Amino acid sequence: MKKLSARRRHPLAAVVVLLLALAATGGLYAAFAPASKAQADETSQSLAIEEGKKLYQVGCASCHGTGGQGTSDGPSLVGVGAAAVDFQVGTGRMPAATSQGAQVPKKRNIYTQAQIDQLAAYISSLGAGPDVPTKNDYSPEGADIAKGGELFRTNCAQCHNFTGKGGALTHGKFAPSLEGVEPKHIYEAMQTGPQNMPSFPDTTLSQQNKKDIIAYLKAVNGDQTENPGGLDLGGLGPVSEGLFAWIFGLGALIAVAVWVAARTAKAKKS
């Protein structure tokens, strides 16, 4: 007993006990804390998927099938990803009012953002696809507006025209105006290629390229008290301006020429 008591009173005994306590605490935390957090995240994701499935069965299954496999009235949703759901449902295009028509137009959204997230979680569980972008992905901060204009004119202006005011396509289809569209939805549209639009994944247009395009659209369609270039004629570019000059300019000249000829003929008769 005297030897044991002497060991307990050894100067290093307190240090050894402290080290053992710290090691035990660290081991217990490493063993249980991460597992608990992962389990909580998994449970939350499972609940979101379950709620999303309920919403899907009510609002989407009639066209896209009970398992998202698609039907004659709607395409398959397997592998479209959360970004496609956030865009289509967030802009009110889905659920569609009718399966008829050249394309589904934008309309008032009937779901909350929480419900959209649940639908996106369920659709993502059917197959991997593009995720919903974060604010940092589409924020125009640090973007190159000039580069964005160049990229937009190269890849987008053929349909949306030079300033994103929209345009007509074939067979009753159209490229919608990009004025007032949320940057997140513009990013998602480039990422997923909805309806008649081709997709531009990061291998085609990088995240920085997309940010540049969004910054350009914000610059040309932002709040402006006046157009420094005068009448913009719909922002359609040189074609509309040239057509305006031909119709009204040349038409005015022809009208003047006819008036002068008529006055000349009348004067001769007199």
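Residues numbered from 1 in each chain as written. Predicted model: local features only at pLDDT ≥ 70, side-chain atom pairs only at ≥ 80, totals over all residues. Heavy atoms only, no water.

Novice: Explain the overall build of the protein chain residue by residue, including any values.
Specialist: Looking only at helices and strands, one finds eleven helices and two strands in the protein chain. Ordered by position from N to C terminus, the α and β elements of the protein chain give α-α-α-α-α-α-α-α-β-β-α-α-α. Of all 270 residues assigned to the protein chain, the portion counted as buried reaches 28%. Accessible surface, the protein chain: about 17400 Å² in total, of which carbon and sulfur atoms supply 62%. (Helix = DSSP H or I, 4+ residues; strand = E, 2+ residues; numbered from the N terminus. Buried < 20%, exposed > 50% of the residue type's maximum accessible area, 1.4 Å probe, protein only. Areas by Shrake-Rupley, 256 points an atom, 1.4 Å probe, with all protein chains shown as cover.)

Novice: Please set out unusual backbone geometry residue by residue, giving values where relevant.
Specialist: Cis peptide bonds are those with omega within 30 degrees of zero, and the linkage from Met-94 to Pro-95 qualifies with -5°. Here Pro-95 shows up in the loop between helix H4 (81–90) and helix H5 (113–126). Here Gln-195, not a glycine, exhibits a phi torsion of approximately 50°, which is positive. Relative to the assigned elements, Gln-195 resides in the loop between helix H9 (183–192) and helix H10 (207–220).

Novice: Please set out the layout of surface pockets residue by residue, giving values where relevant.
Specialist: What the largest pocket holds in volume is close to 780 Å³. Contributions of two or more residues to the lining of the largest pocket are made by helix H2 (13–59), helix H3 (61–64), H4 and H5. It is H4 that contributes the most residues to the lining of the largest pocket, four residues altogether. Of the residues in the lining of the largest pocket, the class split is 17 nonpolar, 14 polar and one charged. Taken as a whole, the second largest pocket encloses approximately 470 Å³ of empty space. (1 Å grid on protein atoms, 1.4 Å probe; cavity = no way out; pocket = protein on both sides within 12 Å on 5 of 7 lines; lining within 4 Å. Points joined across faces, edges and corners; volume = space filled by probe spheres on them. Nonpolar A, V, L, I, M, F, W, Y, C, P; charged D, E, K, R; others polar.)

Novice: Describe the packing of H4 against H5, and please don't skip the residues or the numbers.
Specialist: Where H4 meets H5, the closest approach of the two axes is 8 Å, and the angle between their N-to-C directions is 145°. In the packing of H4 onto H5, the handedness of the crossing is right-handed. Between H4 and H5, the residues in contact are Gly-81, Ala-82, Val-85, Asp-86, Val-89 and Gly-90 and Gln-113, Ile-116, Asp-117, Leu-119, Ala-120, Ile-123 and Ser-124, respectively. Grouping the amino acids of the contact of H4 with H5 by side-chain chemistry returns seven nonpolar, four polar and two charged. (Axes fitted to C-alpha atoms, helices over the stretch in contact; angles between N-to-C directions. Left-handed = near helix turned anticlockwise from the far one by under 90°. Contact = heavy atoms within 4.5 Å.)

Novice: With reference to specific residues and values, describe the nonpolar core.
Specialist: Residues Phe-152, Ile-186, Met-190, Leu-205, Ile-213, Ile-214 and Leu-217 are the most contacted members of the largest nonpolar core, which totals 15 residues. Element by element, the count of residues in this core is highest for H10, at four residues. If near-sequence neighbours (up to four positions away) are discounted, Leu-217 is found in contact with Phe-152, Thr-163, Gly-164, Leu-178, Ile-186 and Gly-222. (Core = buried A, V, L, I, M, F, W, Y, C linked by side-chain atoms within 4.5 Å.)

Novice: Let's hear about H5: which residues, and what values?
Specialist: Compared with an ideal rise of 1.5 Å per residue, which puts 14 residues at 20 Å, H5 spans 20 Å between its outermost C-alpha atoms and is within 8% of the ideal. Of the residues making up H5, those classed as buried are Ile-116, Leu-119, Ala-120, Ala-121, Tyr-122 and Ile-123. (Expected span 1.5 Å × (residues − 1).)

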